[in-house]
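# Examining the three-dimensional arrangement
Read off the chains here:
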Amino acid sequence: MARHVAFTSWLSPGKRIGLYASMPQELGTAPLIRLALARGCDVYVPRILSMRKRRMAFVPYAVAGRLHSFGMHEPEGNAFFPARFLDTIFCAGVGFDATGGRLGHGAGFYDRALAFRNVRTHWRGPRLVGVAYAFQVVPRIPVTATDIRMDYIVTDRGIDESLAHEDGSGVRGR
């Protein structure tokens, strides 16, 4: 997956990249984190702020940290950044479809953190990239009005360019 992303402009020096530290059952993001850091990107990872309210923000990536109850790696620190601060966010999911639909792990953290995208009249970012194994991309995912769609999907087999507008600005039909 990192090899495919390496050929895009998404990881340019100075870009602020949101990446999750993958769990064992997910497509590994460690090579992508290394690539982003090597290219001079600022890397941020999700941090749960409130389990009860299902709120998260992003914190600067650090190797040291703790494991959250979900098994996610979370760096220590108090510097929190909202999703709108980032240029590109790579999102985990259980499944994705050809319209950018995403089936997450069921808690709604990403949908809440990215809800501002559903009220925009035109695309301004951050770019949302779903990360999955190719077999996790299915014909249709049931989505609701509060679900956030991905702009791209990258798998172990490549990047699904069919979601993007000709100008590279995201999912068609938004």
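Each remark here, short or long, concerns the structure printed above.
Right, let's walk through the structure included here. (Residues numbered from 1 in each chain as written. Predicted model: local features only at pLDDT ≥ 70, side-chain atom pairs only at ≥ 80, totals over all residues. Heavy atoms only, no water.)

## With respect to the pattern of salt bridges
Note the following rule: Whenever Lys or Arg places a side-chain nitrogen within 4 Å of a carboxyl oxygen from Asp or Glu, that contact is recorded as a salt bridge. The secondary structure listing takes helices from DSSP runs of H or I that are at least 4 residues long and strands from runs of E that are at least 2 residues long, numbered from the N terminus. Relative accessibility thresholds used throughout: buried, under 20% of the residue-type maximum; exposed, over 50%; partly exposed, between the two (1.4 Å probe, protein chains only).
Overall, the coordinates contain 2 salt bridges when judged by the stated rule. Between D87 and R16 there is a salt bridge, with the nearest N and O atoms lying 3.9 Å from each other. Taken together, the residues D87 in the loop between β5 (73-74) and β6 (88-91) and R16 in strand β1 (residues 16-18) connect sequence positions 71 residues apart. Residue classification places D87 among the partly exposed residues on the basis of a relative accessible area of 25%. Taking the shortest distance from any N to any O, the salt bridge between D151 and R117 comes out at 2.9 Å. With a gap of 34 residues between them, D151 in the loop between β10 (137-138) and β11 (152-155) and R117 in the loop between α3 (109-113) and β9 (127-131) connect regions that are remote in the sequence.

## Quick look at the sheet that holds strand β3 (residues 55-60)
How we decide: By the convention used here, strands pair only if DSSP detects at least 2 bridges between them. Comment: axis = line fitted to C-alpha atoms, over the contacting stretch for helices; angle = value between 0 and 180 degrees taken between N-to-C directions.
As summarised here, the arrangement of the 7 strands in space is β3-β2-β1-β6-β9-β11-β12, forming an open sheet in which the pairing is mixed. Edge positions in the sheet fall to β3 and β12 (158-160), since each of these pairs with one other strand and no more. The average undirected angle you get between the axes of adjacent strands in this sheet is 30 degrees. Examined bridge by bridge, β1 and strand β2 (residues 42-50) share 3 bridges and lie parallel to one another. Paired with R16 across the two strands is D42, which belongs to β2.

## Remarks on the pairing of β6
The alternating pattern of β6 places T88 and F90 on one face and I89 and C91 on the opposite face, and all of these are buried. Bridging between β1 and β6 involves 2 bridges; their strand directions are parallel. Looking across to β6, one finds that G18 is bridged to I89. Alignment of β6 against β9, held across 4 bridges, turns out to be parallel. Note on β9: the bridge partner recorded for F90 is V129.

## Focus on the packing of aromatic side chains
Condition: We call Phe, Tyr and Trp rings a pair once their centres come within 6.5 Å, taking the six-membered ring for Trp, and we label the pair stacked below 30 degrees between planes, edge-to-face above 60, and tilted otherwise. Criterion for a charge above a ring: Lys NZ or Arg CZ within 6 Å of the ring centre, and within 35 degrees of the ring normal.
Summed over the entire model, instances satisfying the criterion amount to 6 aromatic pairs. When the ring of Y44 is compared with that of F81, the centres are 5.2 Å apart and the planes differ by 70 degrees; the resulting orientation is edge-to-face. Taken together, the residues span a long stretch of sequence, with Y44 in strand β2 and F81 in the loop between β5 and β6 at a distance of 37 residues. For Y44, a relative accessible area of 9% translates into the label buried. F81 sits in the partly exposed class, given a relative accessible area of 23%. If you follow R84 out to its NZ or CZ, it ends over the ring of F116, 4.1 Å from the centre.

## Examining the nonpolar core
Generally speaking, nonpolar side chains in soluble globular proteins are found buried as a group. This is how it is decided: Take the buried Ala, Val, Leu, Ile, Met, Phe, Trp, Tyr and Cys residues and link them wherever side-chain atoms come within 4.5 Å; each set so joined is a nonpolar core. Here, residues are in contact when the closest pair of their heavy atoms is within 4.5 Å.
Of all hydrophobic cores here, the largest spans 41 residues; its most connected members are L11, L32, I89 and F90. At the level of elements, α1 (2-5), α2 (30-38), β2, β3, β6, α3, β9 and β11 are the ones that each hand at least two residues to this core. In terms of residue count, the dominant contributor to this core is α2 (4 residues). Every residue in contact with L32, bar those within four places of it in the chain, is listed here: M1, A2, V5, L11, L19 and F90.

Limitation: the analysis is restricted to geometry and does not speak to function.
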